[in-house]
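# A closer look at the structure
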Amino acid sequence: MTGMYPLTRLRRNRASAWSRNLHRETVLTPADLIWPLFVTEGTGVEEPIASLPGVSRWSVDLIVARAKEAVALGIPCLALFPNTQPDRRSEDGREALNPDNLMCRAIRAIKQACGDDIGVLTDVALDPYTSHGQDGLVDAAGYVLNDATVEVLVGQSLNQAAAGADVIAPSDMMDGRISAIREALESAGHPNVQIMSYAAKYASAFYGPFRDAVGSRGLLKGDKKTYQMDPANAEEALREVELDLAEGADSVMVKPGLPYLDIVRRVKDAFEVPVFAYQVSGEYAMIEAAVAAGAGERDALVLETLMSFKRAGCSGVLTYHAAHAAKLLG
């Protein structure tokens, strides 16, 4: 301690709004936000998602409108997730390699409309494309195959990069996929495409509404515990991050967010690299449920939780509240 009461009164600096603003240690702006959006087929289509109140799936033309809205709000990046139609899902997830799939059409439309005014981050995993809902290829026993899956993920990444993706974000948690994707991007002439690795992605109970949004909840056979991380483990997260950085990741992500802020802090302290967190669908839904029940006020809950990510060490946050928060932050 550097002082004692009454010579030191910590409340002095909190007595006025101007002083609180002056002494604030952490700053949150719209530039800290990434807005996840769900893409669906059709034209002029908005499909509200029941388990995510206030969130919808949008057809490509309306995704472009959301992109323009994001630019106006100062949000620097969108994260896209496709709701692949059932007849385009298969055991091997081959639709992920279709250069005219829903994701690629959305990327091209956004880049054509907005250019470099906004970044496009694309999910790399097979769960939106498989008929079994797993993030990779499975064997006869239902075990997700690592190396065979990585081969498909490389093709998926190149497909998205060719469409104009700015950031490839592998969310699959296969071993070795970052080095394979990085090497492929370099060889294919995409040296400036970033990789934001879902480096510490946990087998969490907070993903339910997301699976509704991409249409995989009812399809999922088994669970994802053989490749997503055990929520009990922290040291393992540091090993995962270290490997992905060594393999060529430009930034790393921790997912989910609020229950894993300790992991964010440890990653930031250990590696001093850009760290992002995903305030996942279950976290969003809990805030909205609290608001609906009269247990909290939306604006205050949104800004306080987002500030907690920044305080923990995040460079940015993927959040479904991005547009709302950006309006509040002005």
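Read on for an overview of the structure. Predicted, not measured: the structure shown is a model, and the values here were computed from it.

### Looking at the state of the cysteines
Here the structure, examined in full by the defined rule, presents 0 disulfides. Cysteine cysteine 104 shares no disulfide, and the gap to the nearest cysteine sulfur, in cysteine 77, comes to 16 Å. On the accessibility criterion, cysteine 104 (0% relative accessible area) is buried. Cysteine 114 forms no disulfide, and the closest cysteine sulfur to it belongs to cysteine 77, at a distance of 12 Å. Take cysteine 114: its relative accessible area is 8%, and that puts it in the buried class.

### A short note on the nonpolar core
In terms of nonpolar packing, the biggest core is built from 77 residues, with Trp35, Leu78, Leu80, Ile110, Ile263, Val264 and Leu306 touching the most fellow members. Counting residues per element, this core draws most heavily on helix 3 (residues 102-114), at 8 residues. Among all residues touching isoleucine 263, those that are not within four sequence positions of it are Ala200, Tyr202, Asn233, Ala234, Ala237 and Val254. Counting 24 residues, the second-largest nonpolar core is a separate cluster that includes Val214, Tyr278, Val280 and Leu318.

### Comments concerning helix 11 (residues 322-329)
Along helix 11, the residues classified as buried are Ala322, Ala323, Ala325 and Ala326. The buried residues of helix 11 occupy an angular sector of 160 degrees when the element is viewed end-on, so they sit on one face. Considering only its buried residues, helix 11 is in contact with strand 1 (33-40), helix 2 (60-73), helix 10 (298-312) and strand 10 (316-319).

### Side note on the packing of aromatic side chains
Here a ring pair, both rings aromatic, is described through the centre-centre distance and the interplanar angle of the planes. Applying the stated criterion across every chain yields a total of 8 aromatic pairs. Centroid distance phenylalanine 38 to phenylalanine 81: 5.9 Å. Interplanar angle 40 degrees. Geometry classified as tilted. Linking phenylalanine 38 in strand 1 with phenylalanine 81 in strand 4 (residues 77-82), this pair joins segments that are 43 residues apart in sequence. Given the relative accessible area of 1%, phenylalanine 81 is considered buried. Following the ring pairs from residue to residue traces out a cluster consisting of Phe38, Phe81, Phe210, Tyr278, Tyr284 and Tyr320. If you follow lysine 201 out to its NZ or CZ, it ends over the ring of tyrosine 207, 5.8 Å from the centre.

Criteria and thresholds
Residues numbered from 1 in each chain as written. Predicted model: local features only at pLDDT ≥ 70, side-chain atom pairs only at ≥ 80, totals over all residues. Heavy atoms only, no water. Disulfide = S-S within 2.5 Å. Buried < 20%, exposed > 50% of the residue type's maximum accessible area, 1.4 Å probe, protein only. Core = buried A, V, L, I, M, F, W, Y, C linked by side-chain atoms within 4.5 Å. Helix = DSSP H or I, 4+ residues; strand = E, 2+ residues; numbered from the N terminus. Contact = heavy atoms within 4.5 Å. Arc of directions from axis to C-beta. Phe/Tyr/Trp six-rings, centres within 6.5 Å; stacked < 30°, edge-to-face > 60°. Lys NZ or Arg CZ within 6 Å of the ring centre and 35° of its normal.

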